[in-house]
Amino acid sequence: MSAAVSIESGVLDDYRARLTSDAVDELATPTGLRGDQAALGAAVDAMGMAGLLAARAEARNFAADEGITYGTGTPGGRRWAIDPIPVLLGAAEWQELERGLDQRARLLDLVLSDLYGERTLLRRRVIPPELILAHDGYVRQTAGIAAPGPRQLVVAATDLGRDPQGRWTVISDRTQAPSGPGYAMATRRIISQVMAGLHRSVPLARLRGFFQTFTAALQDASPSATEPPRVVLLTPGPNSETAFEQAYLATLLGFPLVEADDLVMHQGRVWLQAGDRLEQVDVVLRRVDAAFADPLELRGDSQLGVPGLIEATRTRTVAVVNPIGAGVLENPGLVAHLPDVARVLLDEDLLLPSPTTWWCGRGADRSHVLANLDALVIKPISRATGPLRYGWQLTAQERGELADRIAAEPWAWCAQEPLQLSTAPVVTHDGLEPRRFVLRTFGVAHDNGYRFLPGGLGRVAGQVSEHTVSNYAGALAKDVWVISADAEQAAPAVRDRALGAPPVTRTAGLTPRVSDNLFWMGRYAERAEGTARLLKVVDDFAEDNSSQVGTPGALATGVLLHAVARVTSTPTIGSSEPSLDYLRRVVLDDSRAGTVRHCANRLIGAAQHVRDLLSVDTWAVLGRLQKTLDDPPDDDDQLQPLLADVLESLLALAGIMAQSMVRDESWAFLDAGCRMERAQLTLALLGSALTEPRDRGVLDLVVEGVLRAGESIITHRRRAAAGTGTALPLESAIDLLLLDRRNPRSVLYQAESLVADLTLLGDEASVAKTLAIVQTLRTVEPADSMDAAALAERLAGLEQDFRRLSDDLAALHFSRQAPRRPQTSGWASPWQVADD
């Protein structure tokens, strides 16, 4: 690292006082700033602790607004935590690091090719066979399969730390299904706003070009001459720890995010269900761990993989990136042999060192490890065996038990010298704290080498005392900036189209899973909004009339309260239950279908399934909606402010959808769900509130409530005053909410909008059924409302027509593959597989 630069006193004084002379810090030394850090140090000092704490809060708010999460458990996982102070790397230092990373990636690519090919390294015992063949990352079923592209290892990730001498040292390799580049870009987006002045003033290497190169690298991996190749990102689904990152990465690369249910195997090829069509898939970017990728040849209980995927790679009808079995390179025992492997395969010494490693399968190494257990980091060669152990943290009994395990299965264990990691400043309420820092870099195959994401993703320990820096342990993210003049930045890869391959026009059809979730996202959004509107009106009625027993207002309130139960399919209000308690329950009780909170949670769940299709702004709105319902105001006597906040979020969501979505199949399914739900809710409200004979005074108040819930009361009053509409409130309500094709709240408007949506989908049969509903509606007259029994029958019939139409749409567009019968096993849950 560069020499220190002296600084004046400021917020960094306390931080420098916390540093020790034997530790390396990314920003400072006990006496000054490190080279290339002057701009960052000045910015930190200028902001002061108050400014830094505000920046930390702002960064976390941005992360919450954008729905950036990691992990499982709570809905969507825990929020992504970002420290606002970036880590700066100089141009020369990054170029040197890139050379080492490129060499390592090329070496691992050659090792992977050999292990699943000729096995020369095993035969010559350059790598002990038992180290590889006993590792659970070695997939025997893929032996002899070579990926069709120029590289076997297309995506390489490396975790590094800086040793006490300031040298970058490899901690581990991530080759199974590396996660993180999407998190790095999301973190950069936020820090560029939080530290906007500094971000503009420092010449940085930009990140976008890496993702363009990534796209080209995946297309280059295609075994087909079809142009452009069809690439998909295979995800375990929204329950995955890195679900956000997978969806965001798909949007950055421009490829669809798919689950196993979206893919079918037919005639030895992988196909994507695109509407009512099948499209051949050429490349699968795999984020499903190898063991779950093919239930036909691997774990029979997996619902996450594609049966026959390995056979398709064997016959070269599809390429999988990274190949199934690439996880064997994550074996920490391999580190002890890589220096020899590099000399054999590259005739070079490794440019990037690793901590000294002893593999217990060798007698001398095992003796050294057992004699020094209390001073070493003990690692099983497979993460499935358990976590690493710091020998000095174990009790004497625990060390004895570990020694017995090593003696029983020596090949399954290795040990490393502890690496005293460098630190980086973290903003806390107690000032800046030095926390251990780890850098994860990302590379993709390009030309004769690899192209790397400038900087990568930094992480710092969640606590000062924490030795392990990982997302599981609560690590915080750090944006890593590489200082680079514009002229120094490599241009993104531009992929040449294969000669003689005519371009194929790709359709934009949606899979049944995506169509289903878009449709229900629209339905739940409208259900939550319609219910909240109705509850707002009824609460207002109850507040005005609940104490006036027997009055028209009180009787109308009772009618509307029972309408709430009918519309939401929730239990009716108890005979002695206060109306406010009942209404509050219909808002906040998530355990019962039909409540506002239940609808909102299902809305968010559906959105998580189609995250790659939604704008970033969507998540800010959904996050605010969830927070409103999870943490309602303490005032139990007031429901109006809570409902107003709920409606504000739902209206913002509706605005985003209406103004931001292209009118394609995605829009059609989302809007169709909204129209279907609004039609059924309106019919249910009209049927429950307006089809019983009532005293005129009571009926007029009920009609007023219905019109307010249907956002049509102002139009009703204006028409009545101008003499352009019927003078009878009941007839006006039927006209406005059932028959007025100009009113976006009327049932006829919903039916005609459905016709437009279904026409966009090319669903002629459903269009014909919807037009029949339109014709039925056009035969109704407002005066028909005078016959309550006939009106009730007509409304019930229309409601049933819409339900049948919804069922028909589900059968036609949302039918998925039959669930596979799992073969029982004792394996762990797929959601517990490490993806850190």
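Everything numeric in this text was worked out from a predicted model, so none of it was measured.

A. Region of interest: the sheet that holds strand β14 (residues 283-286). Here we have four strands laid out as an open sheet, ordered β10-β9-β14-β15, and parallel in their pairing. In this open sheet, the two strands that pair with only one neighbour each are β10 (257-258) and β15 (319-321). Taken together, the three bridges between β14 and β15 define a ladder with parallel strand orientation. When the sheet's bridge partners are listed, V283 is paired in β15 with A319. Strand contacts of helix α8 (residues 208-220): β9 (231-234), β14 and β15, with the helix running at about 125° to β14, the strand carrying the most contacts.

B. Representation of helix α15 (residues 552-568) in the model. Between its first and last C-alpha atoms α15 spans 24 Å; for 17 residues at 1.5 Å apiece the expected length is 24 Å, and the two agree. Every buried residue of α15 is accounted for by G553, A556, T557, V559, L560, L561, A563, V564, A565, V567 and T568. Next to the buried residues of α15 lie α14 (512-545), α16 (579-588), α20 (665-689) and α21 (696-709). Looking at the residues trailing α15, positive phi occurs at S569, about 60°.

C. Structural detail: the packing of aromatic side chains. The tally for this structure, following the rule as stated, stands at twelve aromatic pairs. Aromatic side chains F244 and Y248 sit 5.6 Å apart centroid to centroid with 25° between the ring planes, which places their arrangement in the stacked category. A residue pair is termed a helical-turn pair when its members lie 3 or 4 positions apart in one helix, as F244 and Y248 do in helix α9 (residues 243-253) at four residues. Here F244 and Y248 have matching classes, each one buried. Here a set of aromatic residues connected by ring pairs shows up, and it is made of Y70, W80, Y183, F244 and Y248. Across the ring face of W619, the terminal group of R611 is positioned such that the distance to the ring centre comes to 4.0 Å. Sitting over the face of the ring of W667, R663 holds its NZ or CZ atom 3.7 Å from the ring centroid.

D. The environment of G553, seen in detail. Relative to the assigned elements, G553 resides in helix α15. The spatial distance from the C-alpha of G553 to the C-alpha of V702 is 8.7 Å, given a sequence separation of 149 residues. Apart from residues no more than four positions distant in its own chain, G553 is found in contact with N545 and L701.

E. Spatial organisation of helix α22 (residues 713-722). Taken together, the buried positions of α22 are I713, H716 and R719. Projected onto a plane normal to the axis of α22, the buried residues spread over an arc of 130° and lie on a single side. For α22, exposure combined with an orientation more than 90 degrees from the buried face picks out I714, R718, A721 and A722. Where α22 is buried, its residues touch α21 and α23 (729-739). Where α22 terminates, the next one or two residues include G723, which has phi positive at roughly 70°.

F. Structural view of the packing of α20 against helix α26 (residues 788-813). Across the interface, α20 lies against α26 with an axial gap of 9 Å and an inter-helix angle of 155°. Judged by the inter-axis angle, α20 sits roughly antiparallel to α26. The handedness of the crossing between α20 and α26 comes out as left-handed. Here F669, M676, A679, Q680, L683, A684, L686 and G687 of α20 lie close against α26, whose contacting residues are L795, L798, E799, F802, R803, L805, S806, L809 and H813. Its residues assigned to classes, the contact of α20 with α26 shows eleven nonpolar, four polar and two charged.

G. Layout of the environment of Q219. Relative to the elements of secondary structure, Q219 occurs in helix α8. Among the residues examined, Q219 registers a relative accessible area of 15% and is labelled buried. Residues Q219 and E529, 310 residues apart in the sequence, show an inter-C-alpha distance of 43 Å.

H. Focus on a nonpolar patch on the surface. A cluster of nonpolar side chains, L110, V344 and L345, forms an exposed patch at the surface whose accessible area comes to about 210 Å². A relative accessible area of 45% means that V344 is categorised as partly exposed.

I. Up close: the nonpolar core. Counting 101 residues, the largest nonpolar core has L690 and L738 as the members making the most contacts within it. Excluding residues within four positions of it along the chain, L738 makes contact with L683, L686, A733, S746, V747, L748, L777, V780, L795 and L798.

J. Main features of the sheet that holds strand β12 (residues 269-274). In space, the three strands of this open sheet follow the order β11-β12-β13, with antiparallel pairing throughout. Here the strands that pair on one side only, and so sit at the sheet edges, are β11 (263-266) and β13 (277-280). In this sheet, adjacent strand axes meet at a mean angle of 45° when their direction is disregarded. Pairing between β11 and β12: four bridges, direction antiparallel. Each residue of the ladder has a partner; that of M265, found in β12, is V270.

K. Representation of unusual backbone geometry within the structure. Residue P228 is bonded to the preceding E227 through a cis peptide linkage, with omega at -10°. For the peptide bond that leads from V321 to N322, omega is -15°, which places it in the cis range. Topologically, N322 is positioned in the loop between β15 and α11 (338-345). One non-glycine residue, Q267, adopts positive backbone phi at about 55°. One non-glycine residue, E711, lies in the positive phi region at around 55°. Looking at E711, the relative accessible area reads 47%, which means it is partly exposed.

L. Representation of the packing of α15 against α21 within the structure. Between α15 and α21, the shortest axis-to-axis distance is 8 Å and the interhelical angle comes to 50°. Put simply, α15 runs oblique to α21. Once α15 is placed against α21, the crossing between them reads as right-handed. Counted together, P552, G553, L555, A556, V559 and L560 of α15 and G697, V698, L701, V702, G705 and V706 of α21 form the full contact between these two elements.

M. Highlighting the pairing of strand β17 (residues 377-380). Going residue by residue along β17, you find V377 and K379 tucked away on one face and I378 and P380 tucked away on the opposite face as well. Both β17 and strand β18 (residues 389-390) contribute to a ladder of two bridges, which runs antiparallel. Paired with I378 across the strands is R389, a residue of β18. Where β17 and strand β19 (residues 413-416) come together, four bridges link them in antiparallel fashion. In the strand pairing of β19, P380 is matched with W413.

What counts and how
- Residues numbered from 1 in each chain as written.
- Predicted model: local features only at pLDDT ≥ 70, side-chain atom pairs only at ≥ 80, totals over all residues.
- Heavy atoms only, no water.
- Pairing = 2+ DSSP bridges.
- Helix = DSSP H or I, 4+ residues; strand = E, 2+ residues; numbered from the N terminus.
- Contact = heavy atoms within 4.5 Å.
- Axes fitted to C-alpha atoms, helices over the stretch in contact; angles between N-to-C directions.
- Expected span 1.5 Å × (residues − 1).
- Buried < 20%, exposed > 50% of the residue type's maximum accessible area, 1.4 Å probe, protein only.
- Phe/Tyr/Trp six-rings, centres within 6.5 Å; stacked < 30°, edge-to-face > 60°.
- Lys NZ or Arg CZ within 6 Å of the ring centre and 35° of its normal.
- Arc of directions from axis to C-beta.
- Parallel < 35°, antiparallel > 145°, perpendicular 65-115°, else oblique.
- Left-handed = near helix turned anticlockwise from the far one by under 90°.
- Nonpolar A, V, L, I, M, F, W, Y, C, P; charged D, E, K, R; others polar.
- Patch = residues over 30% accessible without salt bridge, like charges linked within 9 Å, V, L, I, M, F, W, Y side chains within 5 Å.
- Areas by Shrake-Rupley, 256 points an atom, 1.4 Å probe, with all protein chains shown as cover.
- Salt bridge = Lys/Arg side-chain N within 4 Å of Asp/Glu carboxyl O.
- Core = buried A, V, L, I, M, F, W, Y, C linked by side-chain atoms within 4.5 Å.

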